[in-house]
Amino acid sequence: MDAELAKEATILDVARVSGVSAATVSRVLNGHPRVAPDLVKRVEAAAEQVNYRPNAAGRALRRQKADLLAAIVPDVRNPFFVRLIEAFERSANAAGYSVVLCNSHEDLALEKSSIEAVIAHRVSGVVIAAASPHLSRLVPLQRAGIPVITIDRKVTDFWGDTVSVDNALIGRLAARHLVEQGRTRALVVNHSLAISPMKEREVGFRAEMAQAGYPVDPERVVHLPFQIDVPLEISEVMVDHGDVDSVFATTNTLTGAVYSALRTLGRRIGPEIGLIGVDDDRWNSMVEPQVSVVEQPSEQLGAWAGELLASRARGSQVESARVFLDPVLRVRASTLR
C-alpha cells in the first residue's frame, strides 16, 4: 500500500486543506461554540476530504475523559433493563458516545468494583440503577467529576439527576383494575422493601385497595428473597392463601413465577383467580390466558437518561433534573372474570 495513503490524517492535514490554523481545527472538532459557521463548514469539509478520524484515546488523555458512558444495572437478564439499556445506548450513540455495561447482580461489592472501574477508565458519565438505596455509594463518582444519573431506583442523600417511573401509580393502577373486576381479596407478592420501586408499588397498591374499602391484611403480603426457588416458594404461598381471588406481582420475574405456580396448582387464571404483574414481556401475550400488566415505559426511560447524560457530559450546568414518567395499564384475560 502506498505510504502516503496508509498514513492516518492528522489535525495538521485538516488545517492545510481548509486553510485555517490547527487551533481553529481543534476548536471546530471539539464543538467549540465560538467559531464562525463558514469556518466550521470549511473544516468539516476538509476533514471529510482527508478522511480524518479523531483518536479517541488521545482525546481522553487531553480532556481527562473518554467518549464513553457507563451503565451500571443490577440484572442484565431482566427484560426491563434490556430494553432500557438498548434505548440508552441509541441515545448515547446519537450524541457521539459509546456505552460500557456493568452488571452488579444486586451485589454492593460488585457495584463498588464497577464504579471504581469506570472512574479508572475516565468515562464521561454514569447511569446507575443502584443495588441499595442506603448503602450504594455514588460519592466517588461525584468526587471524580463524573456526571451521574440514577435510574429506576432512589439513592439516599443523592440530589442529582433522576429518571424514573411513578411506582406508586403502578400499584394504584393494578389495585383499581382488580377492584373494577370485583376482585377484593388480593395477595401481594413482592421482593425486598429496601428497594424503592418495589416498596412504592406495594404501598400504592395497598393504599388504593384501602381507599376502595378492601384493605390488604399484612398476612396477604409476601416478601420473597431474590435468590430462592421462586416458583416453588410461591406454590407453597398459594396453598396457604387459598381464599384469595387475585394476585399482584410487583416485578416481571415474580409475575412469571406466579403464573407458573398457579398453572401447576391447577388454578384457573382469569375466571377463578386474577393475576396482574409489572412490565410487559413477550411471554405475557404468548400464553393462554394472556397476562395483564402495568407497563413501565422502559424505552422512554432509557432515551431520557441517554439524552440527559450526554448533555451533562458535554458540560450542561442546569439544575438537577427529576424526570418521572407514567406507567400504562395493559388489560388482558388474566384479570377478567
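Described below are features of the structure shown in this document.

Cut-offs used in this document
Residues numbered from 1 in each chain as written. Predicted model: local features only at pLDDT ≥ 70, side-chain atom pairs only at ≥ 80, totals over all residues. Heavy atoms only, no water. Helix = DSSP H or I, 4+ residues; strand = E, 2+ residues; numbered from the N terminus. Rg over C-alpha atoms; globule rule 2.2 N^0.38 Å. Buried < 20%, exposed > 50% of the residue type's maximum accessible area, 1.4 Å probe, protein only. Contact = heavy atoms within 4.5 Å. Pairing = 2+ DSSP bridges. Axes fitted to C-alpha atoms, helices over the stretch in contact; angles between N-to-C directions. Parallel < 35°, antiparallel > 145°, perpendicular 65-115°, else oblique. Left-handed = near helix turned anticlockwise from the far one by under 90°. Salt bridge = Lys/Arg side-chain N within 4 Å of Asp/Glu carboxyl O. Core = buried A, V, L, I, M, F, W, Y, C linked by side-chain atoms within 4.5 Å. Phe/Tyr/Trp six-rings, centres within 6.5 Å; stacked < 30°, edge-to-face > 60°. Nonpolar A, V, L, I, M, F, W, Y, C, P; charged D, E, K, R; others polar.

Take the overall build of the protein next. Counting secondary structure elements, the protein contains 13 helices and twelve strands. The C-alpha radius of gyration of the protein comes to 25 Å, more than 25% above the 20 Å expected for a compact globule of 337 residues. In the protein, which comprises 337 residues, the share counted as buried stands at 48%. For the protein, long-range pairs separated by at least 24 residues make up 70% of all intrachain contacts whose partners lie at least 6 apart in sequence.

Turning to the pairing of strand β11 (residues 322-325), a few remarks are in order. Residues Val-323 and Leu-325 of β11 are buried on one face, while the alternating residues Arg-322 and Phe-324, pointing to the opposite face, are not. Taken together, the four bridges between strand β5 (residues 161-165) and β11 define a ladder with parallel strand orientation. Following the sheet pairing, Val-163 is matched in β11 by Val-323.

The mixed open sheet is built from six strands, whose spatial order is β7-β6-β8-β9-β10-β12. Of all the strands in the sheet, the pair left with one neighbour each is β7 (221-223) and β12 (328-330). Direction aside, neighbouring strands of the sheet carry axes that sit 15° apart on average. With three bridges joining them, strand β9 (residues 274-278) and strand β10 (residues 292-295) adopt parallel strand pairing. Following the sheet pairing, Ile-276 is matched in β10 by Ser-292. Each of β6 (186-190), β7, β8 (246-249) and β9 touches helix α10 (residues 196-211); the most contacted strand, β6, lies at about 170° to it.

This paragraph deals with the packing of helix α2 (residues 11-18) against helix α4 (residues 37-49). Relative orientation of the contacting elements α2 and α4 amounts to 120°, with a least axis distance of 8 Å. If you check the angle between α2 and α4, you find them oblique. Both α2 and α4 take part in a crossing whose hand is right-handed. Here Val-14, Val-17 and Ser-18 of α2 lie close against α4, whose contacting residues are Arg-42, Val-43, Ala-46, Ala-47 and Gln-49.

The next subject is the pattern of salt bridges. Per the stated rule, a full pass over the model turns up 17 salt bridges. A salt bridge links Asp-75 to Arg-77, with the nearest nitrogen and oxygen atoms 3.3 Å apart. Judged by its relative accessible area of 70%, Arg-77 is exposed. As a salt-bridge pair, Asp-245 and Arg-185 come within 4.0 Å of each other at their nearest N and O atoms. One end of the pair, Asp-245, is in the loop between α11 (230-240) and β8; the other, Arg-185, is in the loop between α9 (167-180) and β6, with 60 residues separating them in the sequence.

A few words now on the nonpolar core. Formed by 25 residues in total, the largest nonpolar core has its most connected members in Leu-69, Phe-88, Val-127, Ile-151, Val-163 and Leu-301. Contributing elements (two or more residues each) for this core: β1 (68-73), α6 (79-94), β4 (148-151), α13 (298-313) and β11. Counting residues in hydrophobic clusters, the runner-up holds 21 residues, among them Val-244, Leu-275, Val-291 and Val-293.

For residues besides glycine, phi is generally negative; the peptide bonds are generally trans as well. With an omega of 5°, the peptide bond between Glu-288 and Pro-289 qualifies as cis. Locating Pro-289 in the fold gives a position in the loop between β9 and β10. The backbone of Asn-51 sits at a positive phi, close to 60°, despite the residue not being glycine. The backbone of His-105 shows a phi angle near 55°, a positive value even though the residue is not glycine. Tracing the chain through its elements places His-105 in the loop between β2 (98-103) and α7 (108-120).

Right, let's get into the packing of aromatic side chains. One pair of aromatic rings is described through two measures. These are the centre distance and the angle between the planes. Tallying each qualifying case throughout the model produces three aromatic pairs. Judged by centre distance (5.0 Å) and plane angle (65°), the rings of Phe-80 and Phe-81 are edge-to-face. As far as burial versus exposure is concerned, Phe-80 and Phe-81 are alike and both buried. Their ring planes at 65° and their centres at 5.6 Å tell us that Tyr-259 and Trp-283 sit as a pair that is edge-to-face. Of this pair, Tyr-259 sits in helix α12 (residues 252-264) while Trp-283 sits in the loop between β9 and β10, and the two are 24 residues apart along the sequence. Given a relative accessible area of 7%, Tyr-259 falls into the buried group.

Two numbers describe how α6 lies on α13: the axes approach to 7 Å, and their chain directions differ by 35°. In this structure, α6 crosses over α13, and the sense of that crossing is right-handed. Across the interface between the two elements, Phe-80, Arg-83, Leu-84, Ala-87, Phe-88, Arg-90 and Ser-91 of α6 pack against Ser-298, Glu-299, Leu-301, Gly-302, Ala-303, Ala-305, Gly-306, Glu-307 and Leu-309 of α13. Split by residue class, the contact of α6 with α13 holds eight nonpolar, four polar and four charged.

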